[in-house]
Structure formats: structure tokens, C-alpha cells
Amino acid sequence: MRRVEIYTDGACKGNPGPGGWGALLLSGHSEKELFGGEAATTNNRMELMAVIEALTALKRPCHVLLYLDSEYVRKGITEWVAGWKARGWRTATKQPVKNVDLWQQLDALVAGAGHRIEWRWVKGHSGDPGNERADVLANRGVVQVKGR
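Keep in mind that this is a model prediction, so the values were computed, not measured. (Residues numbered from 1 in each chain as written. Predicted model: local features only at pLDDT ≥ 70, side-chain atom pairs only at ≥ 80, totals over all residues. Heavy atoms only, no water.)

Draft legend 1. Quick look at the layout of surface pockets. Estimated volume of the largest pocket: approximately 170 Å³. Every residue along the wall of the largest pocket is listed here: R2, V4, L25, L26, S27, S30, E31, K32, A57, L58, K59 and R60. Those elements that provide at least two residues to the lining of the largest pocket are β1 (2-12), β2 (17-27) and β3 (30-41). Its residues assigned to classes, the lining of the largest pocket comprises five nonpolar, two polar and five charged. (1 Å grid on protein atoms, 1.4 Å probe; cavity = no way out; pocket = protein on both sides within 12 Å on 5 of 7 lines; lining within 4 Å. Points joined across faces, edges and corners; volume = space filled by probe spheres on them. Helix = DSSP H or I, 4+ residues; strand = E, 2+ residues; numbered from the N terminus. Nonpolar A, V, L, I, M, F, W, Y, C, P; charged D, E, K, R; others polar.)

Draft legend 2. Up close: the pattern of salt bridges. Under the counting rule described, the total for this entry stands at nine salt bridges. Put simply, R133 and E31 hold a salt bridge, and the shortest N to O gap is 2.6 Å. Of this pair, R133 sits in helix α4 (residues 129-146) while E31 is found in strand β3, placing the two residues 102 residues apart along the sequence. For the salt bridge of E33 with R140, the shortest nitrogen-to-oxygen distance reads 4.0 Å. Within this pair, whereas E33 is found in strand β3, its partner R140 is found in helix α4, the two being separated by 107 residues in sequence. With relative accessibility at 36%, the residue E33 sits in the partly exposed group. The partly exposed category is assigned to R140, whose relative accessible area is 37%. One network of salt bridges, with partners in common, ties together E31, E33, R133 and R140. (Salt bridge = Lys/Arg side-chain N within 4 Å of Asp/Glu carboxyl O. Buried < 20%, exposed > 50% of the residue type's maximum accessible area, 1.4 Å probe, protein only.)

Rendered as C-alpha cells:
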């Protein structure tokens with residue numbers, strides 16, 4: 001399996017407000033930058049979109065080291081999603097899961113794409129070069145959306 005390092009981040013100017021997502025994919029000597037955004041969104045949606053778009057960009061099963069500064073996304077996909085699914089996409093307090101459309105998309109990607117993913121949390125805005133680049137890309141997504 002090809003090894004790929006992915007750094008993702010989301011940004012939002014206002015929450016909700018215009019938002020952006022960014023992803024940096026590194027493999028061997030090659031790298032790919034991805035970014036985009038939405039006019040009216042939340043930070044959590046952009047964090048999810050960054051991971052979804054990064055994994056979607058992979059064309060074959062890979063060993064993925066996925067670095068993200070969102071505990072919401074990391075814990076959601078590694079700890080909470082099984083319970084949500086068992087409860088019909090409801091939380092432990094019986095409330096509908098927020099961002100269920102994106103959680104279902106991410107869950108399907110993780111289950112069906114054949115990747116071996118290691119989810120690694122990094123502290124945001126702490127000088128990690130990959131995380132800082134993903135942050136710049138996410139903010140580029142915000143600028144792109146605001147310019148439309």
C-alpha cells in the first residue's frame with residue numbers, strides 16, 4: 001500500500017458564516033493541495049469536508065496518516081459513529097446527529113475505500129508545518145467563497 005500523509009483543516013469567518021476547508025496530501029516526493037469552501041457554513045462542517053475531500057482524492061487504497069486539529073472529527077469517526085449508527089443516527093441523548101449528511105459520507109468513505117487510516121490529532125496553530133499549510137489552504141477557501 002502506498003503511504004500518504006494528509007493534513008486537513010477547516011476555517012469559518014463567523015460560525016455560521018463563510019467557510020473554507022483545506023487539505024495537504026504528501027506521498028514520497030509529490031504533494032497536492034486542495035481547498036474549497038461554502039458561503040454559509042460552520043467550522044465543524046468545514047473540518048469534515050476537508051477530510052472527505054482529501055480521502056476522495058485518493059485513487060487507490062492507501063495507508064493514510066491523517067493529521068487533523070479537530071477532536072470533533074477524530075472522535076466522531078473513531079469513537080462516536082458506531083453508536084450513532086446503532087441509534088439510527090441519534091446521539092446518546094436521542095438528538096439528531098448534527099452534520100449527519102457529512103458523517104454518513106465520511107463513514108462510507110472510511111468503510112468502503114480500502115484505506116488503512118491512522119487518525120492523528122495535532123494541536124492547531126502550534127507550529128506544525130503540515131497543519132499550518134492546511135490552515136492556509138482552508139483560509140484560501142474562505143477567500144475564494146467571499147470573492148464569488
